[in-house]
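The residues making up each chain are set out below.
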Amino acid sequence: RKQCMKISTGSKQLDTILLGGFETMSISEIYGEFRCGKTQICHTMAVMAQLPREMGGAEGKVAWIDTEGTFRPERIAQIAERFGVDPEQACDNICVSRSLNSEHQYELLDVLAFNFCSGEYRLLVIDSVMALFRTDYSGRGELAERQQALGQFLKRLAALAEEFNVCVVMTNQVQSDPGASALFSGTDGRKPVGGHVLAHASTTRVLLRKGRGEERVAKIIDSPNCPEREATYIITNGGISD
Ligand code: GTP
Ligand code: MG
């Protein structure tokens, strides 16, 4: 039986509340308002995933679905330097696909399934999971159709994570809904988009928000394994840190 692994986020505090990091064979979601560090956590993890197990890595390659054009190889190089990894090699181990629309995003999973057969991949980043679904199905009457397409995408994604022992980390946007604060305690009504379909697919959900000054706060929401705790982190040139 395949054994699941944990991949470090780059922040010891955040790793601690996640009981070691984000897990392979499952889907994790990080969501929050703009500039709180979702994309930066993904960049940091894309380097961490390549590191030896004793450094919080999974000794694996990384696949990245970029829906907003926010992948930055120069950030990878900076983060690699922090961990003493050759920057060029770190970038070579990340296979980036730019997805153009939600249908293309679904089709990319075929390419990934093919690549994952090598057994070398341990992390798949999707930044961000909902952006293209929201653009492609923006009409009021298209919600049901969107959720159905989303459901198909996520079902396939979960199967890939499990079959190939890959950690899926997807970012998501928030929708501000004061009425939701009663349902999502301590989230001030910030809830992820994607509704029940997405909520059902993500095993671990982490809400990010801005803290004091440069500080950012991550909170685990609704996890079956981890208690709802908070951790603070900062964004440095070397990626996510304490
Ligand atoms: P959206 O995608 O817009 O929703 O935001 P996000 O949550 O993905 O935010 P992102 O991860 O892009 O984080 C942006 C923050 O990271 C900003 O506050 C930047 O100042 C910081 N940041 C980005 N690059 C660097 C860098 O090279 N060095 C440092 N120290 N901070 C950086
Ligand atoms: Mg981003």
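Placed above this text is the structure.
Owing to the predicted nature of the structure, the values given are computational and were not obtained by experimental measurement.

Describe the packing of helix α2 (residues 38-48) against helix α3 (residues 73-82), with residues and values.
Taken N-terminus to C-terminus, the directions of α2 and α3 make an angle of 55°; their axes are 9 Å apart at the nearest point. One element, α2, and the other, α3, form an angle in the oblique class. When you trace α2 past α3, the crossing you get is right-handed. Between α2 and α3, the contacting residues are Q40, H43, T44, A46 and V47 on the first element and R75, I76, I79 and A80 on the second. Each residue belonging to the contact of α2 with α3 can be placed in one class, and the counts come to 5 nonpolar, 3 polar and 1 charged.

Pulling in residues and values, what's your account of empty space enclosed by the protein?
The probe, sized like a water molecule, is rolled over the atoms to show the empty space still left. Summed over all chains, the structure comprises 1 cavity of 30 Å³ or more. By volume, the largest cavity amounts to about 60 Å³. Forming the walls of the largest cavity are K6, L18, G21, F22, E23, S28, T204, N225 and C226. Grouping the amino acids of the lining of the largest cavity by side-chain chemistry returns 3 nonpolar, 4 polar and 2 charged.

So, the nonpolar core: which residues are in play, and what are the values?
One finds I7, F22, I41, M45, L123, V169 and V206 to be the most contacted residues of the largest nonpolar core, which totals 38 residues. With 6 residues, α2 is the largest single contributor of residues to this core. Within the second largest apolar cluster, 29 residues are counted, among which are L109, Y137, F153 and L198.

So what about the sheet that holds strand β7 (residues 167-172)? Which residues, and what values?
Strand order in the open sheet formed by 9 strands is β5-β4-β6-β7-β3-β10-β11-β12-β13, and the pairing between neighbours is mixed. Of all strands in the sheet, those with a lone pairing partner are β5 (94-98) and β13 (239-241), marking the two edges. Averaged over neighbouring strand pairs, the angle between their axes works out to 25° when direction is ignored. When strand β11 (residues 216-221) meets strand β12 (residues 230-236), the two strands line up antiparallel, connected through 4 bridges. Counted as the bridge partner of V217 is T232 from β12. On the sheet, α2 packs against β3 (26-32), β4 (61-66), β5, β6 (121-127), β7, β10 (204-210), β12 and β13 and is oriented at approximately 160° with respect to β7.

Lay out the pairing of β12 in plain terms, naming residues and giving numbers.
Pairing of β12 with β13 involves 3 bridges; the strand directions are antiparallel. Opposite I235, over in β13, you have I240 as the bridge partner. What sits between the antiparallel neighbours β12 and β13 is a turn of 2 residues.

Which residues make up the pattern of salt bridges, and what are the values?
Scanning the entire structure with this criterion turns up 6 salt bridges. Across the pair E29 and R205 runs a salt bridge whose closest N-O atoms are separated by 2.6 Å. Of this pair, E29 sits in strand β3 while R205 sits in strand β10; the two residues are 176 residues apart in sequence, bridging distant segments of the chain. Between K61 and E120 there is a salt bridge, and its shortest N-O distance comes to 3.5 Å. Remark: E120 occurs in the loop between α5 (102-116) and β6 and K61 occurs in strand β4; sequence separation between them is 59 residues.

Lay out the environment of S97 in plain terms, naming residues and giving numbers.
Take S97: it is sitting in strand β5. S97 sits in the buried class, given a relative accessible area of 15%. Considered as a pair, S97 and L208 are 111 residues apart in the sequence and their alpha carbons are 25 Å apart. With residues near it in sequence (within four places) discarded, S97 still touches W64, I65, D66 and L108.

Conventions and cut-offs
Residues numbered from 1 in each chain as written. Chains lettered and ligands numbered in written order. Predicted model: local features only at pLDDT ≥ 70, side-chain atom pairs only at ≥ 80, totals over all residues. Heavy atoms only, no water. Axes fitted to C-alpha atoms, helices over the stretch in contact; angles between N-to-C directions. Helix = DSSP H or I, 4+ residues; strand = E, 2+ residues; numbered from the N terminus. Parallel < 35°, antiparallel > 145°, perpendicular 65-115°, else oblique. Left-handed = near helix turned anticlockwise from the far one by under 90°. Contact = heavy atoms within 4.5 Å. Nonpolar A, V, L, I, M, F, W, Y, C, P; charged D, E, K, R; others polar. 1 Å grid on protein atoms, 1.4 Å probe; cavity = no way out; pocket = protein on both sides within 12 Å on 5 of 7 lines; lining within 4 Å. Points joined across faces, edges and corners; volume = space filled by probe spheres on them. Core = buried A, V, L, I, M, F, W, Y, C linked by side-chain atoms within 4.5 Å. Buried < 20%, exposed > 50% of the residue type's maximum accessible area, 1.4 Å probe, protein only. Pairing = 2+ DSSP bridges. Salt bridge = Lys/Arg side-chain N within 4 Å of Asp/Glu carboxyl O.

Honestly, it's all geometry; don't read function into it.
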